[in-house]
Amino acid sequence: MNRTFKASVVENKKLINNHYLITLNPAVKIRKPKPGNFFMVAVDTGLDPLLKRPFSVHRWIDGNFQLLYRVVGKGTKILSEKKPGNVLDILGPLGKGFPAPKKNRQVILVAGGLGVAPVFSMAENIKNRAPLLFYGTKTKKSLLLIDEFRSLGIDPTVSTDDGSFGTKGNIINVLKRYLTRNSLPVTRYVLYACGPEVMLHALSHLATEYKLKGYIAMEQNMACGIGTCLGCVVKTRKGHKRVCKEGPVFPIEEIVWD
Ligand SMILES: Cc1cc2nc3c(=O)[nH]c(=O)nc-3n(C[C@H](O)[C@H](O)[C@H](O)COP(=O)(O)OP(=O)(O)OC[C@H]3O[C@@H](n4cnc5c(N)ncnc54)[C@H](O)[C@@H]3O)c2cc1C
Ligand code: FES
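This one's a predicted model, so the numbers in the text were calculated from it and none came from an experiment.

### Section: the side chain of Ser-159
Part 1 of the argument: Structurally, Ser-159 can be placed in strand E10 (residues 157-160).
Part 2 of the argument: Here Gly-169 takes part through its backbone oxygen, which lies 3.0 Å from a polar atom of the side chain of Ser-159.
Part 3 of the argument: For Ser-159, the contacting residues outside a window of four places in its chain are Tyr-135, Gly-136, Thr-137, Phe-165, Thr-167, Gly-169, Asn-170, Ile-171 and Val-174.

Here's what the structure looks like:
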């Protein structure tokens with residue numbers, strides 16, 4: 001199976017301010033990505049930007065795949081200008097994805113901001129397990145995929161920093177209140193999360209406090225994406241690990257937060 005391939009843009013749709021959903025059609029057969037896997041995308045054929053950019057797989061639809069991305073700099077700006085028919089060089093799928101939950105576990109999905117992209121992929125994969133979803137964003141305007149989650153039978157518990165939708169405040173506090181109210185033994189839950197580092201850090205504190213197990217998808221700036229440059233290492237209880245190779249998904253208790 002090919003790991004480097006060309007893919008043509010089918011659609012590149014603006015969803016909300018600075019957020020886009022791109023649908024790509026690989027020119028060759030590629031391995032179906034797992035939730036939590038990512039692709040390295042060359043946003044242009046020139047030398048600037050030189051490096052491919054990493055994006056989590058958001059959806060896989062009949063051999064096409066979708067990435068959900070936010071414009072933050074030069075690379076993502078160029079990507080946002082791609083039109084149907086444009087061809088991109090891509091590497092992937094890469095990294096270790098989310099492992100399947102064990103039987104009888106109540107899955108709790110936790111998404112912060114654009115972490116919702118891989119979390120949706122996981123939700124779609126395990127929708128028959130009736131996962132719970134805790135989803136936090138800055139404001140109502142930056143909420144994404146609410147209808148799509150509902151069409152999977154998942155009713156998201158939402159919080160926004162400004163209180164414009166759902167509970168005001170951060171989603172980890174909302175999850176904490178849920179756990180205190182519920183009598184299910186903690187060993188019955190398993191967490192699957194992606195979001196800003198500050199959210200993952202808070203979630204790992206909560207997991208320690210409540211003795212919860214689970215998995216988090218980490219982000220680091222990446223140069224190669226395949227484990228050779230060592231530019232993406234994080235500190236773990238088992239030594240330094242590469243987010244692109246041993247991750248991006250790690251057991252929540254494994255990450256050492258400085
Ligand atoms: C495994 C993985 C999966 C990712 N999945 C997604 C995704 O699904 N959707 C998405 O929009 N983005 C995702 N990212 C982040 C994405 O790769 C960066 O936003 C992108 O590379 C920025 O490129 P740029 O050229 O536009 O910005 P740059 O010009 O490279 O940087 C602009 C600004 O963005 C910051 N930035 C760059 N990379 C990151 C990062 N990884 N995290 C936070 N801030 C960053 C820089 O520090 C700088 O302030 C992922 C990153 C990783 C490592
Ligand atoms: S990005 Fe090069 S080792 Fe991870």
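### Brief notes about the nonpolar core
Part 1 of the argument: Membership of the largest hydrophobic core comes to 34 residues, with the highest contact counts inside it found for Val-110, Leu-175, Leu-179, Leu-191, Leu-203, Ile-216 and Met-218.
Part 2 of the argument: For this core, the elements supplying multiple residues, two or more each, are strand E3 (38-42), strand E7 (87-94), strand E8 (106-112), helix H4 (171-181), strand E12 (189-194) and helix H5 (197-210).
Part 3 of the argument: Both of domain 1 (4-94) and domain 2 (106-254) provide at least three residues apiece to this core.
Part 4 of the argument: Discounting chain neighbours no more than four positions away, the residues touching Met-218 are Leu-200, Val-234, Val-243, Pro-248, Phe-250, Ile-255 and Trp-257.
Part 5 of the argument: Core analysis: the second largest hydrophobic core is formed by 29 residues, Leu-114, Phe-120, Ile-126 and Ile-154 among them.

### Here's the deal with the sheet that holds strand E2 (residues 19-26)
Part 1 of the argument: Taken together, 7 strands build an open sheet; the order of strands is E4-E3-E7-E1-E2-E6-E5 and the sheet is antiparallel. Looking at which strands have only one partner, the edges of the open sheet turn out to be strand E4 (53-56) and strand E5 (59-61). Strand-to-strand twist of the sheet, defined as the mean angle between neighbouring strand axes without regard to direction, takes the value 35°.
Part 2 of the argument: By the bridge criterion, 6 bridges tie E2 to strand E6 (residues 64-70) in an arrangement that is antiparallel. Within the sheet, the bridge partner assigned to Tyr-20 lies in E6 and is Tyr-69.

About the cut-offs
- Residues numbered from 1 in each chain as written.
- Chains lettered and ligands numbered in written order.
- Predicted model: local features only at pLDDT ≥ 70, side-chain atom pairs only at ≥ 80, totals over all residues.
- Heavy atoms only, no water.
- Helix = DSSP H or I, 4+ residues; strand = E, 2+ residues; numbered from the N terminus.
- Polar contact = N/O pair within 3.5 Å; in protein donor to acceptor, adjacent residues only side chain to side chain.
- Contact = heavy atoms within 4.5 Å.
- Core = buried A, V, L, I, M, F, W, Y, C linked by side-chain atoms within 4.5 Å.
- Buried < 20%, exposed > 50% of the residue type's maximum accessible area, 1.4 Å probe, protein only.
- Domains from an automatic or database assignment.
- Pairing = 2+ DSSP bridges.
- Axes fitted to C-alpha atoms, helices over the stretch in contact; angles between N-to-C directions.

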